[in-house]
Amino acid sequence: RANGWDEAQLARYRSQPTLVDLGGLPADKHLSRDQLIDLCAALPPSWLPSSSVRGDAATCSAQLTGYLQAGADELILHGVVGERLGPLVRHMAEAS
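Since we're looking at a predicted model, the values are computed, not measured.

Scoring rules and cut-offs
Residues numbered from 1 in each chain as written. Predicted model: local features only at pLDDT ≥ 70, side-chain atom pairs only at ≥ 80, totals over all residues. Heavy atoms only, no water. Helix = DSSP H or I, 4+ residues; strand = E, 2+ residues; numbered from the N terminus. Buried < 20%, exposed > 50% of the residue type's maximum accessible area, 1.4 Å probe, protein only. Contact = heavy atoms within 4.5 Å. Phe/Tyr/Trp six-rings, centres within 6.5 Å; stacked < 30°, edge-to-face > 60°. Axes fitted to C-alpha atoms, helices over the stretch in contact; angles between N-to-C directions. Parallel < 35°, antiparallel > 145°, perpendicular 65-115°, else oblique. Left-handed = near helix turned anticlockwise from the far one by under 90°. Nonpolar A, V, L, I, M, F, W, Y, C, P; charged D, E, K, R; others polar. Expected span 1.5 Å × (residues − 1). Arc of directions from axis to C-beta.

Draft legend 1. Molecular detail of the environment of L77. For L77, the position within the fold is in the loop between α6 (57–69) and α7 (82–95). Taking relative accessible area as the criterion, L77 reaches 42% and is therefore assigned partly exposed. Between the C-alpha atom of L77 and that of G4, which follows or precedes it by 73 residues, the distance is 21 Å. Here L77 is in contact with L64, L85 and L88, once residues within four sequence places are set aside.

Structural data, given as structure tokens:
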């Protein structure tokens with residue numbers, strides 16, 4: 001509800017056998033990279049822009065800061081390569 005996602009789409013996504021078999025365990029901690037990629041293929045395309053960021057450090061920093069200002073108390077960064085994490089952290093520090 002917080003993301004404004006269609007609840008029927010969410011129910012379909014959560015009913016995938018790979019997720020059901022986890023029994024509530026976090027997918028990113030218990031599934032292989034290939035399994036996670038397969039799960040991503042089932043995500044409705046409209047979900048990605050509302051729950052992820054991409055771009056240069058300044059663009060990502062602005063979006064992440066917006067999430068924090070909207071009330072997020074935790075940000076999970078997947079897919080950030082080492083050489084790009086430093087600039088992102090610097091931009092985030094400057095924004096706060």
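Draft legend 2. Broad picture of the packing of aromatic side chains. Applying the stated criterion to the full structure yields 2 aromatic pairs. Plain terms: the ring middles of W5 and W47 are 4.2 Å apart, the flat faces sit at 10 degrees to each other, and that makes the pair stacked. In this pair, W5 is assigned in the segment before α1 (7–14) and W47 in helix α5 (residues 47–51), connecting sequence segments 42 residues apart. We classify W47 as buried; its relative accessible area is 3%. Ring geometry for Y13 versus W47: centroids 5.8 Å apart, planes at 70 degrees, classification edge-to-face. Taken together, the residues Y13 in helix α1 and W47 in helix α5 connect sequence positions 34 residues apart. Accessibility classification places Y13 together with W47 in one group, the buried group.

Draft legend 3. Up close: the packing of α6 against α7. Direction vectors running N to C along α6 and α7 enclose 50 degrees, while the axes themselves pass 9 Å from each other. By the angle between their directions, the pair α6 and α7 is classed as oblique. Where α6 crosses over α7, the two elements pack in a sense that is right-handed. Along its contact with α6, which presents A57, A58, C60, S61, L64, T65 and L68, the element α7 presents P87, L88, H91, M92 and A95. By residue class, the composition of the contact of α6 with α7 is 9 nonpolar, 3 polar and no charged.

Draft legend 4. Spatial organisation of α6. End to end, α6 covers 18 Å across 13 residues, agreeing with the expected 18 Å (1.5 Å per residue, within 8%). The complete set of buried residues in α6 reads A57, C60, S61, L64 and T65. One face of α6 carries all of its buried residues, which in axial projection span an arc of 130 degrees. Facing away from the buried side of α6 by more than 90 degrees, the exposed set consists of A62 and Q69. In this fold, the buried residues of α6 make contact with α7. Looking at the residues trailing α6, positive phi occurs at G71, about 120 degrees.

By themselves these figures say nothing about function.
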